[in-house]
Every structure is written in structure tokens, then in C-alpha cells.
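Take a look at the letters that make up each chain.
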Amino acid sequence: MLNSAPTQERMWFIIKVPPYRPIPQIDLYGIDRANQNTETFTDDVKKQNPTLGDQFMKNQIHFAPLIICLLTLLTFNGTIRAKQTVKSQKQPNILFLFTDDQRFDTIHALGNPQIKTPHFDKLVQNGFTFNNTYCMGSWCGAVCLPSRTMVMTGRTLWRIPRRNEKVSAKFRATTLPAVLKRAGYVTYRTGKGGNTFKPANDEFDYNTSIDTRDPFSSKNHTERAMKFLRSHKGDVPFYIHMAFAKPHDPRVAPPEYMKMYDPNQILLPRNFLPQHPFDNGELRIRDEMLAPFPRSPEIMRQHIADYYACITYLDVQIGRILKTLEECGFAGNTIVVFSSDQGLAVGGQHGLMGKQNLYECNKPPLIFTGPGIPHGKSDALVYLHDLYPTFCELAGIVLPGFVEGESLWPIIKGKKAKIRNWIFGAYKDCQRMIRDRRWKLIKYNAEGVKNKQLFDLKNDPDEINNLAHQTKYAEHLDRLEKLLIEARRLAGDPDDFDRTSNGKKPQGQSGGT
Ligand SMILES: [Ca+2]
């Protein structure tokens, strides 16, 4: 039986916050965000910034006497404790539905006529949708790992720990479940274990991982979360993190769903190509090897049909968890957030199958629903690591200094149309991207073989027409080239992207498009 009773320690950070109003009430860190640089507290970065972690601890120590006094008071005053419990109920619950490899356009209500997603559609119809959400990228082929680490830390690609990097207790204390826990939340996670940020997973009050991707994994995760909801007493707010393992391959769902989509009726993407027009530096990674080269329309249609089957089965599970939320009486005080760790090129978009690229097909969906969330859509440029500060504001937590994301709340509430002017993306040492509201530049260095693409996303959202070599667009190319240099500098990009051949053989034929 799950026990969600609040601990005294947790009670310390319960604060009186009007529901869903991002009014910071207490700084769990004592850090002035505006005056802090980003930092990771990992050993390497601490060597470079020896005082930053110390400042964190000093601030913790600074608050220690206050915490001890308050703890003593609560220990001997049951009345105060009871009042605090009532206050805790005013903090919204957060249910985060976080799928794996789900492209932004795989929802019927977002303009995909072929896929059946009635429950995702309801989220769209009742909630607020972000059309331009980006994972900043990856320094490894498993894009899932850095993407999920950025979500759990609010930090950018080169300021998060690498795979298996030793992470200090101080760092773990800054992860999303840890800060929510200190703010009074009971934290529950069910989801895949591999290619996730384990130090954050370990910070949840309850963490259940399943490492299989069998046809029923989405159902199993859902039923675990349903069990948690049914056992939760409602005495403290909850944060539920559901890290589904689908629609990531293997693209298998129960038989009735696998029969649901006839491959012969599936439309190929508008940007389908039999092969990528040049070597992008990663044409033979596992995701790309799931189908033969050149891509055949028949095989691509089958992959898309299977992908849709997994998403429709996932959609049914989403319906079950939302129904349970209603039945348990939590729907009126729960913000539901749906997204994925990144999209996917499956179906031969640009001749590709995977997520090891920086095309628009790598965008995940992002939808907020719940009380106080207006119906609407936004084209604002946002990152997945903006979720960390967004969740913190919902919980009434003042943002710590290391957070690089921006809260999405001002956009959702209509107070701002945008929170940044451009998005930067990177994949290993071979691809870099920058886009603004309309124009997008992708640059490639495949073992010294270089290419670039310029797209007008307003008139060419599928990135079919490369304008990089047309002189009349030179102004945009030049502007984005300079912006990319600045974005790389700000992100601490460590790679020599201008390098010439290192002697290794490129993976494919070169030549721009
Ligand atoms: Ca993924």
C-alpha cells in the first residue's frame, strides 16, 4: 500500500499559493537567479567554478537556523500542522505524461487526419498547445538520455551530466523530483529505466521502472499510476511522472491495434525521400538501420502504420489515467502536461527514420490542460527544459540560479507571446541548428565534409527547399550564421565544428541540396 502521508521535512516548504498562479513564495535555495551563472555541481564544472557550489551550500546553511526553528514549532504544534495540510491542498497536482519518440503531428486534433487519438484530441480541445517545442539535442545517439536529463534539471545540453557521470548529492538535490518533494509534493514515477537520468529517478518518493518495450508496456505503466492515484489520500499535492516507453521501437501494440491501420492507405510524408541527399554524419545509426536503403514507400508506410498503432494504444491508456483522475476527485486540482522526449523521422522524412537529426520532425507535442489553463495555441519557440521552471512556478518555488529554461506560464496565461527569439540545436559533433520565428539554418560536418541548409519555415514547414545557395537569401543565411556562433558560445558548445577531415571515411555521399 502506498503511503503518501507528508513527512515533517516535506511540510516545511508547503506554502500558501493561490491555485495555478505563478507567484514565487519561497526560495528553496536562497539563490538570486538573476545574479547566478549556470552550473552543474559536477566535479568538472566545480573545478571551473569553484565558488558556485559553495554558494549553494552557504545559502542552505543560511536557512538552516530558520528551518530548525520552524521544525521545532511544528513538532509541538499539531494545530499548525493541520493548517499547513489544508494549505498544501491548494498547490496543484501535476500529472506529466511523457512519451518516447512521439512526433508533434501524431495527434488527430493537430491536423493529422489518419491517426485516431480521441483522448489526446481532448487535451488539445480543452488545453493549451505549443506548436514549436524542441529538445536542444544530444551528444550521443540515444537522444532520449540528454533530453530527459534536461527536463529533470532545467539545464542545457553541455551543462548536464553525461551518461554514467558521477553526480553529487548536491546535484541530485536540484533535480525536479527533489525540489518538488521539498516544496511539499509526494513524487511518483513509473516509466522506462534505460536512457533516463537515474540520479533524478532515484529522488522520487516512489520510482518504478520497467525496462521492457513489449506491446503492453503502456498499459502496465498506466495501471501502476492508477493504483497510486487510488491510494493517494489527497493530503499533499502529487507530482506523477509517467515516462512511457512508446511509441519508441519496437513498434508493437496489441494485435487489434496493429490491424487498425492499413499500410496501403497511409500517406507518405510530403518530405519523403528514398535517401538523405548528403551525409549528415549519422546515416548508419541503429534507428536508421531499422529499414533498408534506399527507403521504399511500401516499407515506410508499414512503419508509419505500426507507429500510429502504438500511439493509438497509448491514447487509450491516456484516457484511462484521465478517467481515474476524475473518479478519484483530483481532476479539479491537477494540471496535466503531455509531451515526448523528441519526435522522429520515421516514414522516410528526408530519407531518414530516426531522431539523430535536427529537422522539424524532431519536435515533440506539448499540451497543458487543467483548471486555469485556457484553450489556445502558441507558436512561441520553447525547449523541453522549460518544463522545469514551469513546474516550479506551479508549485510556488522560486527558481534556483542554475536553471536555464524559462517558465511557459506567461505564454499560457497570455501575458507574453514569446520567451525567446531563437532556438539552438545540436547533434553530436556533426550537426548544428539555429532557427528564429521564420528562418532556419542547419549545418553539417560529417568527418570534415560540410553542408548547410536554409529553410523558410513559413512557406516550407516540411523543409523541402534548401535556399542556402540562392543569393537572394544570403542576408538570412549570414544573419543565422552569426547567430549560430553566438548560440554555441552561450551554450558552451565544446566541439570544433569547423574541423576539416580527421581521416575517417564519411558515411555517405556529400553534396548540398
Ligand atoms: Ca526518445
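Quick caveat, the model's predicted, so the values are computed rather than measured. Residues take numbers from 1 onward in each chain, read along the sequence in its written order. Given that this is a predicted model, residues contribute local features only at a pLDDT of at least 70 and side-chain atom pairs are listed and counted only at 80 or more, while totals for whole chains, interfaces and linings are drawn from all residues.

As for the overall build of the chain
Strands are runs of DSSP state E lasting at least 2 residues, helices are runs of H or I lasting at least 4, and numbering of each runs from the N terminus. Assigned secondary structure in the chain consists of 15 helices and 13 strands. We call a residue exposed when 12 or fewer other C-beta atoms sit within 10 Å of its C-beta, buried when the count reaches 20 or more, and partly exposed for counts in between; the C-beta positions come from the backbone. Residues counted as buried form 49% of the 513 residues belonging to the chain. Two residues qualify as being in contact provided that their C-beta atoms, derived from the backbone, are within 7 Å of each other. For the chain, restricting intrachain contacts to residue pairs at least 6 apart in sequence, the fraction spanning at least 24 positions comes to 74%.

Notes on the pairing of strand 13 (residues 449-456)
Pairing of strand 12 (residues 439-446) with strand 13, which is carried by eight bridges, proceeds in the antiparallel orientation. Along strand 13, the bridge assignment pairs Asn445 with Lys450. Note on pairing: DSSP must find at least two bridges between two strands before they are called paired. In this antiparallel pair of consecutive strands, strand 12 and strand 13, the connection spans two residues, and Glu447 shows a positive phi of 50 degrees.

What to know about unusual backbone geometry
Across the junction of Asp249 and Pro250, the peptide omega takes the value 0 degrees, indicating a cis bond. Secondary-structure assignment places Pro250 in the loop between strand 6 (238-247) and helix 11 (255-258). Following Phe293, the chain continues into Pro294 via a peptide bond in cis, with omega recorded as -15 degrees. Turning to its location among the elements, Pro294 is positioned in the loop between helix 11 and helix 12 (297-327).

So, the pairing of strand 8 (residues 366-369)
Side-chain alternation along strand 8 places Leu366 and Phe368 on one buried face and Ile367 and Thr369 on a second face that is also buried. Pairing of strand 2 (residues 128-134) with strand 8 involves two bridges; the strand directions are antiparallel. Each bridged residue has a counterpart across the sheet, and for Phe128 the counterpart in strand 8 is Phe368.

A word on the sheet that holds strand 10 (residues 423-427)
Strand order in this open sheet of five strands is 3-10-11-12-13, and the pairing throughout is mixed. Pairing within the sheet leaves two strands with one partner each, and these edge strands are strand 3 (137-138) and strand 13. Bridge analysis of strand 11 (residues 431-435) against strand 12 gives five bridges, and the strand direction is antiparallel. Residue Ile434 lies in a different strand from strand 12, and its bridge partner there is Leu441. Working convention: axes come from line fits to C-alpha atoms, limited for helices to the stretch in contact. Angles between N-to-C directions cover 0 to 180 degrees. Along the sheet face, helix 15 (residues 474-491) touches strand 10, strand 11, strand 12 and strand 13 and points at about 65 degrees away from the line of strand 12.

Examining the sheet that holds strand 6
Backbone hydrogen bonds hold the strands of a sheet together, and the pairing may be parallel or antiparallel. Taking strand neighbours across the sheet as the criterion, the eight strands line up as 5-4-6-1-7-8-2-9 in an open arrangement whose pairing is mixed. In this open sheet, the two edge strands, each paired with only one partner strand, are strand 5 (206-209) and strand 9 (376-383). Each strand axis lies, on average, 15 degrees off the axis of its neighbour in the sheet, ignoring direction. The strands touched by helix 5 (residues 118-126) are strand 2, strand 7 (334-340) and strand 8; relative to strand 8, the strand with the most contacts, the crossing angle is about 70 degrees. Each of strand 4 (186-191), strand 5 and strand 6 is contacted by helix 10 (residues 217-231), which is oriented at about 170 degrees to strand 6, the strand it contacts most.

Observations concerning the environment of Arg437
Of note, Arg437 is situated in the loop between strand 11 and strand 12. The class for Arg437 is partly exposed, based on 14 C-beta atoms found within 10 Å. Between the C-alpha atoms of Arg437 and Ala380, which are 57 residues apart in sequence, the distance is 8.1 Å.

Re helix 6 (residues 144-153)
Summarising burial for helix 6: 10 of the 10 residues are buried, a large majority. Contact partners of the buried residues in helix 6: strand 1 (93-100), strand 3, helix 8 (176-182), helix 9 (198-201) and helix 13 (387-395). Just downstream of helix 6 lies Gly154, where phi reads positive at about 75 degrees.

Some details on the confidence of the model for the chain
Confidence per residue, as judged by the predictor, is encoded in pLDDT with a range of 0 to 100. The predicted model of the chain averages 85 in pLDDT, with 80% of residues at 70 or higher. The low-confidence segment residues 1-88 (pLDDT under 50) makes 126 contacts with residues lying over four places distant or belonging to another chain. Contacts of residues 508-513 to residues separated by more than four positions or lying in other chains number 21 contacts, the stretch itself having pLDDT below 50.

Things to note about the packing of helix 5 against helix 12
Viewed as axis vectors pointing N to C, helix 5 and helix 12 meet at an angle of 60 degrees, and their least axial separation amounts to 7 Å. The angle between helix 5 and helix 12 places the two elements in the oblique class. Facing Pro118, His119 and Phe120 of helix 5, the residues of helix 12 in contact are Asp315, Ile318, Gly319 and Leu322. Nonpolar residues are Ala, Val, Leu, Ile, Met, Phe, Trp, Tyr, Cys and Pro. Charged residues are Asp, Glu, Lys and Arg, and all others, Gly as well, are polar. Among the residues forming the contact of helix 5 with helix 12, the class breakdown is four nonpolar, two polar and one charged. With respect to orientation, any angle under 35 degrees is reported as roughly parallel, any angle over 145 as roughly antiparallel, any angle of 65 to 115 as roughly perpendicular, and every other angle as oblique.

Here's the deal with the packing of helix 10 against helix 12
Where helix 10 meets helix 12, the axes come as close as 9 Å, and the angle between the chain directions of the two elements is 5 degrees. Between helix 10 and helix 12, the crossing angle belongs to the class labelled roughly parallel. From helix 10, Ser218, Lys219, Thr222, Ala225, Met226, Leu229 and Arg230 reach across to helix 12, where they touch Tyr313, Leu314, Gln317, Arg320, Ile321, Thr324 and Leu325. Residues of the contact of helix 10 with helix 12, tallied by class, amount to seven nonpolar, four polar and three charged.

Quick word on helix 13
In terms of residue burial, helix 13 counts as a mostly covered element, since nine of its nine residues are buried. Those residues of helix 13 that sit buried are Leu387, Tyr388, Pro389, Thr390, Phe391, Cys392, Glu393, Leu394 and Ala395. In this structure, the buried side of helix 13 is in contact with strand 1, helix 6, helix 8, strand 7 and helix 14 (409-412). Looking one or two residues beyond helix 13, the residue adopting positive phi is Gly396, at roughly 80 degrees.

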